[in-house]
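Residues per chain are reported as follows:
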Amino acid sequence: MEFNVNIDAKGRLNFPSKLREELGDSFYVTRTVGAKCLKVYSEKEWKTLVGNINNAPQTEIAPLRRFLIGGKQKVEPDKQGRFVVSQVLREYAEIEAEMEVAIVDLEGYAEIWNKTNLSAYTGDEDTMLALAAKYGA
């Protein structure tokens, strides 16, 4: 499911209640590898990811560790479901204050997108048709 919400002038985002129920009272937001968007992890999924990274050879995984863990933000939405997205994360995802963004529920985690970037990243119809045929969607 996709939700369209606005980032306010203070950089706050109203995270959908359905996703808060799914992800819990607090969760983690970080950069996404391979896409200019933000990935939102539940506490459990975040701990799994960090465990996998910590168990890998550190000389091999150091750049990924800096990118994901170094860029993370632990979030605890207020009673209205709002939280401030850090300036560093907003800049990475090309999200500006007072902009409408897309939050995409991807079963177990979510992504926060600048809507223009999401449209460009999704690809053209021929690409989508080929992927759907390949994976039975």
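Notes on the structure follow. The structure displayed is predicted, hence computed values, not measured ones.

The next subject is the overall build of the protein. Helix and strand counts for the protein stand at six helices and eight strands. For the protein, the succession of helices and strands along the chain, N to C, is β-β-α-β-β-α-α-β-β-α-β-β-α-α. Over its C-alpha atoms the protein spans a radius of gyration of 16 Å, differing by no more than 12% from the 14 Å that the globule rule assigns to 137 residues. Structurally, the protein occupies a C-alpha span of about 40 × 40 × 25 Å along its principal axes. Of all 137 residues assigned to the protein, the portion counted as buried reaches 42%. A separation threshold of at least 6 residues defines the contact pool for the protein, and within that pool the share at least 24 residues apart is 62%.

Moving on to the sheet that holds strand E5 (residues 73-75). The six strands are arranged E1-E7-E8-E4-E3-E5 in an open sheet whose pairing can be described as antiparallel. The strands lining the two open edges of the sheet, one partner per strand, are strand E1 (2-6) and E5. Averaged over all adjacent pairs, the angle separating strand axes in this sheet is 25°, with direction ignored. With five bridges connecting them, strand E3 (residues 27-31) and strand E4 (residues 38-42) associate as antiparallel partners. Bridged to Arg-31 within E4 is Leu-38. Of the strands in this sheet, E3, E4 and E5 touch helix H2 (residues 43-55), which is tilted by about 105° from E4.

With that out of the way, let us pick up the pairing of E4. Strand residues, when the strand is regular, have side chains that alternate between the two faces of the sheet. The element E4 is extensively covered by neighbouring structure, given that five of its five residues are classed as buried. Every second residue of E4 is oriented toward a common face, with Leu-38, Val-40 and Ser-42 on one face and Lys-39 and Tyr-41 on the other, all of them buried. The antiparallel hairpin formed by E3 and E4 contains six residues in its connecting segment, where Gly-34 sits at a positive phi of about 85°. Looking at chain direction, E4 and strand E8 (residues 109-114) are connected through four bridges and run antiparallel. The partner of Lys-39 across the bridge, within E8, is Glu-111.

In terms of nonpolar packing, the biggest core is built from 23 residues, with Leu-13, Phe-15, Leu-38, Ile-103 and Ile-112 touching the most fellow members. Of all the secondary-structure elements, those providing two or more residues to this core are E1, helix H1 (17-23), E3, E4, helix H4 (87-92), strand E7 (100-105) and E8. Discounting residues that sit within four places of it in the chain, Leu-13 has contacts with Val-5, Asn-6, Ile-7, Gly-81, Arg-82, Phe-83, Val-85, Val-101, Ile-103 and Ile-112. Counting ten residues, the second largest nonpolar core, distinct from the first, contains Val-50, Ile-53, Ala-56 and Ile-69.

What follows is about the packing of aromatic side chains. In total, this model carries seven aromatic pairs according to the counting rule given. An angle of 35° between the planes, with centres 4.9 Å apart, marks the rings of Phe-15 and Phe-27 as tilted. Here the residue Phe-15 occupies a position in the loop between strand E2 (12-14) and H1, and Phe-27 occupies one in strand E3, the gap between them amounting to twelve residues. Among the residues examined, Phe-27 registers a relative accessible area of 0% and is labelled buried. With a centroid separation of 5.8 Å and an interplanar angle of 55°, the aromatic rings of Phe-15 and Phe-83 are classed as tilted. Linking Phe-15 in the loop between E2 and H1 with Phe-83 in strand E6 (residues 82-84), this pair joins segments that are 68 residues apart in sequence.

Conventions we followed
Residues numbered from 1 in each chain as written. Predicted model: local features only at pLDDT ≥ 70, side-chain atom pairs only at ≥ 80, totals over all residues. Heavy atoms only, no water. Helix = DSSP H or I, 4+ residues; strand = E, 2+ residues; numbered from the N terminus. Rg over C-alpha atoms; globule rule 2.2 N^0.38 Å. Buried < 20%, exposed > 50% of the residue type's maximum accessible area, 1.4 Å probe, protein only. Contact = heavy atoms within 4.5 Å. Pairing = 2+ DSSP bridges. Axes fitted to C-alpha atoms, helices over the stretch in contact; angles between N-to-C directions. Core = buried A, V, L, I, M, F, W, Y, C linked by side-chain atoms within 4.5 Å. Phe/Tyr/Trp six-rings, centres within 6.5 Å; stacked < 30°, edge-to-face > 60°.

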